[in-house]
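# Breakdown of the fold
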Amino acid sequence: MKKLLILSGKGGTGKTTTSAAFIRFSGARAFADCDVDAPNLHLVAEAAGERQDSPYLGSPKARIQSQSCTGCGACLAACRFGAIHREGNCCTVDEYACEGCGVCAYVCPTGAAELAEDVAGQLTLIRRERVFSTARLKMGRGNSGKLVTRVKRALTDAAPQEELAILDGSPGIGCPVIASTAGVDLVLVVAEPSLSGLSDLERLLQTAETLNVPMAVCVNRYDVHLDRTLAIEDFCRERKIPFMGRVPYDPAVPQAVNAGKSVADVECPAREALYQVYCRTMELLEKG
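Everything quoted here is computed from the prediction, not taken from an experiment.

## Quick look at unusual backbone geometry
- Located in the positive-phi region is Asn212, a residue other than glycine, with phi close to 60 degrees.
- Mapped onto the elements of the fold, Asn212 is located in the loop between α6 (195–210) and β12 (215–220).
- Positive phi is not limited to glycine here, since Arg221 has a value of about 55 degrees.
- Examined against the element boundaries, Arg221 turns out to sit in the loop between β12 and α7 (226–238).

Quick look at the structure:
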């Protein structure tokens, strides 16, 4: 299975729109949303079939058994994160403030406070003719990189016979991006023609080089600032990064997305330009 990962330096550049279009262009039967903090590929990429949900267990968090709590306040005094509050005659834990250090369990004289498994998110696998793997991390939870790894593994295990998998990554260069990038065959960066767009591109290049993964670039809404687009193309030329093409600003794109459609299903200039980017990207992916 060859894996194509689509990334961006920040949200709003058109990464997920590009991913959904590539899925339609290629007819890919294996794809995943690795943006576990804010997954939305399912909104514009058809994912129908049998749904399998499973909990994702993160780092343990404190829990206080109300029937055993005497309200002595030992845990309240010991917690350095302000995660414990008194409610009536017993104490409770704020799950979003708790860091899972376990001090409350250590100082509790009755054993009412303990560390317990925490459901930090949910993994979802949808399959029929196609396989879609995704996950959603609960607010305030960590270990997003581990959850992304689980998303990728679930896709590979469910569709080992597929030749191509398209992965919609997270914006930025944090843990979920690193987990998404590890082990893929090619990263396509969707850049925007702005000063920050070029800076984001440089940071993504460093990430890809560190993980020894080849990278290619396209520019979305290139005609919004042509000089910045040319600067990105010059950067790619100087660093010998394959440049896949430009996609123009097109009002038909947000209209399609808001209607829950892929740009691949709409006849418009952006669709035609994106298809050319897709063809060049697939050719590069096949060359290895």
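Next comes the rest of the write-up.
## A short note on the nonpolar core
- With 39 residues, the main nonpolar core has Val187, Leu201, Met215 and Val217 as its most contacted residues.
- Apart from residues no more than four positions distant in its own chain, Leu201 is found in contact with Val189, Met215, Val217, Ile232, Phe235 and Cys236.
- Within the second largest apolar cluster, 37 residues are counted, among which are Leu4, Ala20, Leu164 and Ile166.

## Thoughts on a nonpolar patch on the surface
- Residues Val103, Tyr106 and Val107 make up a contiguous nonpolar surface patch of roughly 300 Å² in combined accessible area.
- Looking at where Val103 falls in the secondary structure, it is placed in helix α3 (residues 103–107).

## A closer look at the pattern of salt bridges
- Summed over the entire model, instances satisfying the criterion amount to 14 salt bridges.
- Salt bridges here are not isolated pairs; linked through shared partners, they connect Glu95, Asp118, Lys138 and Arg141.

## Examining the state of the cysteines
- Applying the stated criterion across every chain, the model contains zero disulfides.
- For Cys75, which is in no disulfide, the shortest distance to another cysteine sulfur is to Cys91 and amounts to 4.0 Å.
- Considering cysteine sulfurs only, Cys34 is the nearest to Cys175, which forms no disulfide, with 14 Å between them.
- On the basis of relative accessibility, which here comes to 53%, the residue Cys175 falls in the exposed class.

## Describing the packing of α6 against α7
- Where α6 contacts α7, the two axes come as close as 9 Å, and the packing angle between them is 20 degrees. Between α6 and α7, the interaxial angle falls into the category roughly parallel. Remark: the crossing between α6 and α7 carries right-handed chirality. Each of Leu195, Leu198, Leu201, Glu202 and Leu205 in α6 lies in contact with α7, whose residues at this interface are Arg228, Ile232, Phe235 and Cys236.
- Of the residues assigned to the contact of α6 with α7, the class counts are seven nonpolar, no polar and two charged.

## Thoughts on helix α9 (residues 269–287)
- In this model α9 runs 28 Å from its N-terminal to its C-terminal C-alpha over 19 residues, within 8% of the 27 Å that 1.5 Å per residue would give.
- Of the positions making up α9, those classed as buried are Ala270, Arg271, Ala273, Leu274, Val277, Tyr278, Thr281, Met282 and Leu285.
- After α9 finishes, the residue Gly288 shows a positive phi value of roughly 75 degrees.

Conventions and cut-offs
The residue numbering used here restarts from 1 in each chain and proceeds along that chain's sequence as written. Restriction of local features to residues with pLDDT of at least 70 applies here, the model being predicted, together with a cutoff of 80 or more for giving and counting side-chain atom pairs; totals for whole chains, interfaces and linings are based on all residues. With hydrogens and water stripped out, all remaining heavy atoms of the structure feed into the side-chain values. Helix and strand labels come from DSSP, where a helix needs a run of H or I of at least four residues and a strand needs a run of E of at least two; each type is numbered from the N terminus. For our purposes a nonpolar core is just a set of buried Ala, Val, Leu, Ile, Met, Phe, Trp, Tyr and Cys residues, chained together by side-chain atoms within 4.5 Å. Whether a residue is buried, partly exposed or exposed follows from its accessible area with a 1.4 Å probe, protein chains only, as a fraction of its type maximum: under 20%, in between, or over 50%, in that order. Contacts between residues were defined by any pair of non-hydrogen atoms, one from each residue, lying within 4.5 Å. Here the term patch refers to residues with relative accessible area over 30% and no salt bridge, with like charges joined within 9 Å and nonpolar side chains (Val, Leu, Ile, Met, Phe, Trp, Tyr) within 5 Å. Note that accessible areas follow from Shrake-Rupley with a 1.4 Å probe, and for residues the cover is restricted to the protein chains shown. Here a salt bridge means any side-chain nitrogen of Lys or Arg lying within 4 Å of a carboxyl oxygen belonging to Asp or Glu. For the purposes of this analysis, a disulfide is any pair of cysteine sulfur atoms at a distance within 2.5 Å. Fitting a line to C-alpha atoms yields each axis, with helices limited to the stretch in contact; the angle taken between N-to-C directions then spans 0 to 180 degrees. Angles are sorted into four bins: roughly parallel if under 35 degrees, roughly antiparallel if over 145, roughly perpendicular if 65 to 115, and oblique for all others. By definition, turning the near helix anticlockwise from the far helix through less than a right angle yields a left-handed crossing, and turning it clockwise yields a right-handed one. Here the nonpolar group is Ala, Val, Leu, Ile, Met, Phe, Trp, Tyr, Cys and Pro; Asp, Glu, Lys and Arg are the charged ones; every other residue, Gly included, is treated as polar. Under the convention used throughout, the expected extent of a helix is 1.5 Å for every residue step, that is, one less than its residue count.

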